Amino acid sequence: MRRAAMCFSLSQFPRCRVHTLTNSWWQSFHHINRIGRGSISSKVLAAGKQGLEGRFNSTENRRTLTTKSEGNSKAALSKKTTIRQEILDETTKSEVDIYSSEITEIGNTQYVDIRQAIAENKDLAKLMTFIIFDIETTGLSRDRERIIEIALRDLHGGENSTFQTLVNPGCIVPNSFVHKITTSMVNRPDVPRMGDLIPILLRYVGSRQKPGGYVVLVAHNARCFDVPFLIKEFGRCSFDIPSNWLFVDTLPLAREVMKSGGSKPKLKLQDLGQHYEIPLVGSAHRAMADVHMLTAVFQRLTFDLKLTIPSLIEGHSFWPSEVGRSKKKKNSG
DNA sequence: GGCCCTCTTTAGGGCCTT
């Protein structure tokens, strides 16, 4: 595949930020497995503190994001149709590579769900990129409301491991009491609209992805809230969620961990943070603060459930196409 | 809207997300 160096001009939208974190979830995860549960908190929290300090010191991090992809970003950003086609082309190439790989690995099967393939082939698990994400919106309805903030964090850590931006919804923000994001904060020319942001977002996630690999995006209540919202917003902008994005919802993981507790379990992200004694840094219901909280919660949940990457993918991941396919219908008649 | 729980399954209430 032809590749060339490319730069994102994030400075075009000053409120897009790429942060530098040094902690690695996988290092922490493996360390946790070695040292046992007693030392988890200090290790995880130490990593989190280090990362967050980096975040708060990084107001100057409004910088160009460099990654490897095709094309010229400045030209592409000025021509939405062009960049959309480039991304679609790149997605198609990636998909072809992945399916070729699957068929080579697994045999003559024409279609194999990657979840089963990962469960059977540990090498495929190494190709997964885990990204914790969160969105803030103008309300709860995916049909009527809009995304106003999005934050992501690659669990591998390293440079440019986090991405955060406000989003201009083109409407008033009626629920500032929830997240403290006001209409005047987002309805500004230097805040990107979703249509401008999606190409940047796709490029950013692509820059974190391993060659021929898959991306696993993790959010709390992802199945019922974040993912349907993303699908809707992508659709409004004539984009599809890339075919190599899998999702994991931490809400059912938390339900499974907490159900043995006896009393009615509290499954809100902040309650889970309290349960695991994870301090909140920043404002609750701001996307990046919730991402950092969920990062630590996700580590603890997967540890408590003794989940490996293959078992997590096989038993707890879903495709965007599976959203809306309810296992149990409330009003089936 | 999907999922879980129960005073249930021929259903309904509550949680979770903003």
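Residues numbered from 1 in each chain as written. Chains lettered and ligands numbered in written order. Predicted model: local features only at pLDDT ≥ 70, side-chain atom pairs only at ≥ 80, totals over all residues. Heavy atoms only, no water.

### Notes on the protein's contact with DNA strand B
- Contacts to DNA strand B come from 30 residues, most closely from E136, C224, L267, L269 and H285.
- The sugar-phosphate backbone supplies 66% of the atoms of DNA strand B found within 4 Å of the protein.
- Here L269 contributes a backbone N or O atom positioned 2.7 Å from a phosphate oxygen of DNA strand B.
- Between DNA strand B and H285, the relevant distance is 3.0 Å, taken from a phosphate oxygen to a side-chain nitrogen or oxygen of the residue.
- Listed by contribution, the elements that provide at least two residues to the surface near DNA strand B are β4 (128-137), α7 (176-179), α10 (222-236) and α11 (250-258).
- The dominant element in the surface near DNA strand B, judged by the number of residues it contributes, is β4, at four residues.
- Its residues assigned to classes, the surface near DNA strand B comprises nine nonpolar, nine polar and twelve charged. (Near = heavy atom within 4 Å. Polar contact = N/O pair within 3.5 Å; in protein donor to acceptor, adjacent residues only side chain to side chain. Helix = DSSP H or I, 4+ residues; strand = E, 2+ residues; numbered from the N terminus. Nonpolar A, V, L, I, M, F, W, Y, C, P; charged D, E, K, R; others polar.)

### Some words on the pattern of salt bridges
- Taken as a whole and assessed by the stated rule, the structure comprises five salt bridges.
- Among the ionic pairs, D143 bridges to K232, the shortest N-O distance being 3.0 Å. With D143 in the loop between β4 and β5 (147-154) and K232 in helix α10, this residue pair connects regions lying 89 residues apart in the sequence.
- D190 is the salt-bridge partner of R188, the closest N and O atoms lying 3.0 Å from each other.
- On the accessibility criterion, R188 (30% relative accessible area) is partly exposed. (Salt bridge = Lys/Arg side-chain N within 4 Å of Asp/Glu carboxyl O. Buried < 20%, exposed > 50% of the residue type's maximum accessible area, 1.4 Å probe, protein only.)

### Things to note about the nonpolar core
- With 39 residues, the main nonpolar core has I114, M128, F130, V216, V297, F298 and I313 as its most contacted residues.
- In terms of residues, this core owes the most to one element, helix α13 (residues 287-304), which gives nine residues.
- In this structure, L197, Y204, V205 and V227 belong to the second largest nonpolar core, which totals 33 residues. (Core = buried A, V, L, I, M, F, W, Y, C linked by side-chain atoms within 4.5 Å.)

### Some words on the packing of aromatic side chains
- Tallying each qualifying case throughout the model produces eight aromatic pairs.
- Here the aromatic residues F133, F247 and F318 are joined through ring pairs into a cluster of three or more.
- The lysine or arginine in question, R223, covers the ring of F318, its NZ or CZ lying 4.4 Å from the ring centre. (Phe/Tyr/Trp six-rings, centres within 6.5 Å; stacked < 30°, edge-to-face > 60°. Lys NZ or Arg CZ within 6 Å of the ring centre and 35° of its normal.)

### Quick look at the confidence of the model for chain A
- With 63% of its residues at a pLDDT of 70 or more, chain A shows a mean pLDDT of 71.
- Below pLDDT 50 for its whole length, residues 20-111 participates in 150 contacts with residues either more than four positions away or in separate chains.
- Low pLDDT, under 50, characterises residues 329-333; the stretch is placed with one contact to residues that sit more than four places away or in other chains. (pLDDT = per-residue confidence, 0-100. Contact = heavy atoms within 4.5 Å.)

### Some remarks on α13
- Between the first and last C-alpha of α13 there are 25 Å, a value that for 18 residues agrees with the 26 Å anticipated at 1.5 Å per step.
- Counting buried residues along α13, 17 of its 18 residues qualify, which places the element largely inside the surrounding structure.
- Once α13 ends, the next one or two residues include K306, with phi positive near 55°. (Expected span 1.5 Å × (residues − 1).)

### Concerning the pairing of strand β6 (residues 158-166)
- By the criterion of burial, β6 is predominantly enclosed, with seven of the nine residues buried.
- Judged from the five bridges that link them, β5 and β6 form a sheet pairing that is antiparallel. Opposite E149, over in β6, you have L166 as the bridge partner. (Pairing = 2+ DSSP bridges.)

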